[in-house]
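# Working through the structure, step by step
The residues making up each chain are set out below.
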Amino acid sequence: MRKRLFGTLCGLAFLMNFGRTIFAPLFDPLTVAFGTDRATIGILISLVWLGTAVPRIPMGYVLTHIPRHQAVLGTGIILAGASALIALAYSIPTLQVGTFLLGMASGAYYVAAVPLIAELYPDAVGRTVGIHGAAAQLSAVLAPTLVVGILLVASWRMVFVALAVFAIISSILLATVIRGSSIADDATPDHAFLAAVRSHWRLIATGLLMVGVAGFMWQGLFNFYVVYLNVVKGLPMTTANLLLTVVFAAGLPAFWFGGRLADRLPIVPYILAILTGFVGSVVALISVGGLAGLIVISVCIGYSIHSLFPALDTYFLNSLPDESRGVVYAAFTGLSLLIEATGTAVVGLLTEAGYRFDVVFLGLALLVGSAIVVLAGLYVTNRLPGKPVP
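How each quantity is defined
Residues numbered from 1 in each chain as written. Predicted model: local features only at pLDDT ≥ 70, side-chain atom pairs only at ≥ 80, totals over all residues. Heavy atoms only, no water. Helix = DSSP H or I, 4+ residues; strand = E, 2+ residues; numbered from the N terminus. Contact = heavy atoms within 4.5 Å. Axes fitted to C-alpha atoms, helices over the stretch in contact; angles between N-to-C directions. Parallel < 35°, antiparallel > 145°, perpendicular 65-115°, else oblique. Left-handed = near helix turned anticlockwise from the far one by under 90°. Nonpolar A, V, L, I, M, F, W, Y, C, P; charged D, E, K, R; others polar.

## Digging into the environment of T344
Considering the arrangement of structural elements, one finds T344 in helix α17 (residues 322-352). Taking the C-alpha atoms as reference, T344 lies 5.5 Å from Q219; in sequence the two are 125 residues apart. Those residues in contact with T344, other than ones at most four positions away along the chain, are Q219, G220, N223 and F224.

## Re the packing of helix α14 (residues 251-264) against helix α16 (residues 291-318)
In a pair of packed helices, the angle between the axes and the distance between the axes together describe the arrangement. At a closest axis distance of 8 Å, the pairing of α14 and α16 adopts a crossing angle of 40°. On the basis of their axis angle, the class for α14 and α16 is oblique. In the packing of α14 onto α16, the handedness of the crossing is right-handed. Each of G251, P253, A254, F255, F257, G258, G259, A262 and D263 in α14 lies in contact with α16, whose residues at this interface are G302, Y303, H306, S307, F309, P310, A311 and T314. Class assignment for the residues of the contact of α14 with α16 results in 9 nonpolar, 7 polar and 1 charged.

## Looking at the environment of T31
With respect to the element layout, T31 can be found in helix α2 (residues 27-33). Between the C-alpha atom of T31 and that of I41, which follows or precedes it by 10 residues, the distance is 6.6 Å.

## Let's talk about the packing of helix α7 (residues 125-153) against α16
In the contact formed by α7 and α16, the axes pass within 9 Å of each other and the chain directions differ by 140°. Classed by the angle they form, the pair α7 and α16 counts as oblique. Considering how the two elements wind past one another, α7 and α16 form a crossing that is right-handed. Taking contact as the criterion, the partners of V125, G126, V129, G130 and Q137 in α7 are, on α16, H306, P310, D313, T314, L317 and N318. Residues that form the contact of α7 with α16 fall into these classes: 4 nonpolar, 6 polar and 1 charged.

## Describing unusual backbone geometry
The general pattern is negative phi for most residues beyond glycine and trans for most peptide bonds. A positive phi angle, near 60°, is found at N382, a position not held by glycine. The residue N382 is located in the segment after α18 (357-380) in this model.

Have a look at this one:
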């Protein structure tokens, strides 16, 4: 029954991330359908990611009142409703509301689901979180192909109709599995929100230093990756887009194997090695010019940054008691996303101000490198919080 529940969660993770990534291939169809401009649709896509960040800390408070499995079930219902609203939208405001709600469903889902997975598999957090992340990453890789396939036989609305239908089916399956297991009987809400956050503020700060700075660089890098490869490296747009797909495709083995390694290796040195590999890959990107080299670097960037996520989740979740795991994880992910989300804006502002992409990316690499030095110093002096996995 535990495996069935985990499988259902992986299915929901696929759908949640699919909902966040299908807007890119729908950019032109939505522009034409609503008779608007690209700036309006660009704002629409930003609403998805804003919606992903907004509910995370509030969901931590919600988890002090209801069990995690109920919260997960609620997000599946919201995903279905938001998708249906988008499919029925005939005005930009309605489309924006549906898009924001879709983002909120995905953000709230991960806050509740990841601690639930750690509760189900306390001895294999890295492996199971990695598999769950791989399921979500698979949707990002497949989204363009699936959307194009639907558009060949139907309108853009059918994409969201299909998402709503599968979200309803997944929610029904989840409710059925929960009803047939003991999790509903054993589950209890998390402890008080503020008390839990105050008790583990040092762990939250450490996590922000590990992923907030790297995520800041990652957001600025991948959102301008195609433009960078086209303008600076001289690649055609089609080739540049293909290399961005390679970056995300490398995330599949990164989640799958990275989570397993997080269970087996000393977790802090493993995280530091990942961060070092990510920084080294970005620095190499600046100096490499040939297509073969850019393919290799794209794989390295994608593998290293996506390996960080299951590794950090493993460190973070294994360092928390179960009764406050959901609350503290919600606070941490909410704060980290707020930091990471500004990376794209900063890169955009700096390049618009006249700084070259290479200079900006090198500066960000130095910033992450400084964080690595600080973390390494805290680690060797035994001053990092938590309970690192041996």
